[in-house]
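Here are the chains, one letter per residue:
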Amino acid sequence: MGKWLLKSEPTTWSWADQIREVTTKWDGVRNYQARNHMKKMNLGDLCFFYHSGIKEPAIVGIVTIIKTYEPDPVDPSFGHVTVEVCETLAFPVTLKAIKMEPSLENLPLIKQSRLSVMPVTESEWATLLTMGSKE
DNA sequence: GCCAACGTTGGC
DNA sequence: GCCAACGTTGGC
């Protein structure tokens, strides 16, 4: 099962919005690399939900893929997956904390800060999950 | 608000 | 196909 990380600016789409609406089409991605990652997502894959563009950027929750990639009828070069709320992390995992963890230095979040959809390895996932379950 | 990183566009 | 100009993202 695949593991991923999705970025969102809270002013555009926040975790509170996600909780309220439960399911969402993850659209608006206009970057080929990010789109290619979305195309590789399978049903049941889990994604960290990351808040960017704020004072304390952080992973705040987890969503799951309930519908795989579909092209946008208007602009078929791009498209969306559909996600559903899975869980809220007990403690947000801040970018600051991620940067302090040596085993996470290869996360694209660090090296390729502009990428909005990225893969996460199983071990990175486990590390982040642990960080999100305790203070 | 600034700036670095980097993807995209368009002229040649 | 190269590369300069430009636009966007996102951390600080």
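A short tour of the structure in this document, coming up. Numbers given for residues are sequential positions, taken from 1 along each chain in its written order. Think of it this way: whatever chain is written first is A, whatever ligand is written first is 1, and the rest follow in order. Note on the predicted model: pLDDT of at least 70 is required for a residue's local features to be given, and 80 or more for side-chain atom pairs to be given and counted; whole-chain, interface and lining totals, by contrast, use all residues. To get the side-chain values, all heavy atoms of the structure are used, and hydrogens and water are removed first.

1. Some points on the protein's contact with DNA strand B
Thinking step 1. We call a residue near a molecule or strand when any one of its heavy atoms sits within 4 Å of it. In the neighbourhood of DNA strand B, the contacting residues comprise N31, Y32, K111, Q112 and R114.
Thinking step 2. Per the 4 Å cut-off to the protein, sugar and phosphate atoms form 62% of the nearby atoms of DNA strand B.

2. Structural notes on the sheet that holds strand β6 (residues 117-119)
Hydrogen bonds between backbone atoms are what pair the strands of a sheet, whose relative direction is either parallel or antiparallel.
Thinking step 1. Whether two strands pair comes down to DSSP finding at least two bridges between them. Strands here are runs of E lasting at least two residues and helices are runs of H or I lasting at least four, both read from the DSSP assignment and numbered beginning at the N terminus. The mixed open sheet is built from 6 strands, whose spatial order is β2-β5-β4-β3-β1-β6. Unpaired on one side and paired on the other, β2 (23-26) and β6 mark the two borders of the sheet. Averaged over all pairs of adjacent strands, the angle between strand axes in this sheet comes to 35°, irrespective of strand direction.
Thinking step 2. When strand β3 (residues 46-51) meets strand β4 (residues 58-71), the two strands line up antiparallel, connected through 6 bridges. In the sheet register, F49 faces β4, and the bridge partner there is G61.
Thinking step 3. Running over the sheet, helix α2 (residues 32-39) touches β1 (3-8), β2, β4, β5 (79-94) and β6 and is turned about 55° from β6. Angles run from 0 to 180 degrees between N-to-C directions of axes, and those axes are lines fitted to C-alpha atoms, restricted for helices to the stretch in contact. Note on contacts: a residue pair is in contact if any heavy atoms of the two residues lie within 4.5 Å.

3. A closer look at the protein's contact with DNA strand C
Thinking step 1. Lining the immediate surroundings of DNA strand C are K7, Y50, S52, G53, P57, L95, K99, S113 and R114.
Thinking step 2. The contact atoms of DNA strand C, taken as those within 4 Å of the protein, divide so that sugar and phosphate hold 84%.
Thinking step 3. As used in this structure description, the phrase polar contact means that two N or O atoms lie within 3.5 Å; if the pair is within protein, one of them must be able to donate a hydrogen and the other to accept it, and residues adjacent in sequence are counted only when both atoms belong to side chains. K99 has a polar side-chain atom sitting 2.5 Å from a phosphate oxygen of DNA strand C.
Thinking step 4. Looking at the surface near DNA strand C residue by residue, the class counts come to 3 nonpolar, 3 polar and 3 charged. Polar here means any residue outside two lists: the nonpolar Ala, Val, Leu, Ile, Met, Phe, Trp, Tyr, Cys and Pro, and the charged Asp, Glu, Lys and Arg; Gly therefore counts as polar.

4. A look at helix α5 (residues 122-131)
Thinking step 1. Burial classification: accessible surface area is computed with a 1.4 Å probe over protein chains only, and a residue below 20% of its type maximum counts as buried, one above 50% as exposed, and the rest as partly exposed. Those residues of α5 lying buried are E124, W125, L128 and M131. Looking straight down α5, one finds its buried side chains confined to an arc of 125°; they lie on one side.
Thinking step 2. Elements that come into contact with the buried residues of α5 comprise β1, β3, β4, β5 and α3 (95-100). The arc in question is formed by the directions pointing from the helix axis toward the C-beta atoms.

5. Notes on the side chain of H80
Thinking step 1. Along the polypeptide, H80 turns up in strand β5.
Thinking step 2. Residue contacts for H80: discarding those within four places in its chain leaves K25, W26, D27, M38, T68, Y69 and E70.

6. Thoughts on the nonpolar core
Thinking step 1. Working definition of a nonpolar core: buried Ala, Val, Leu, Ile, Met, Phe, Trp, Tyr and Cys residues. They are joined through side-chain atoms within 4.5 Å. Judged by nonpolar contacts, the single largest core of 36 residues is most densely connected at M41, I59 and L128.
Thinking step 2. Those elements that place two or more of their residues in this core are β1, α2, β3, β4, β5, α3, β6 and α5.
Thinking step 3. Sort the elements by how many residues they give to this core and β4 lands first, with 6 residues.

Purely geometric numbers; function is a separate question.
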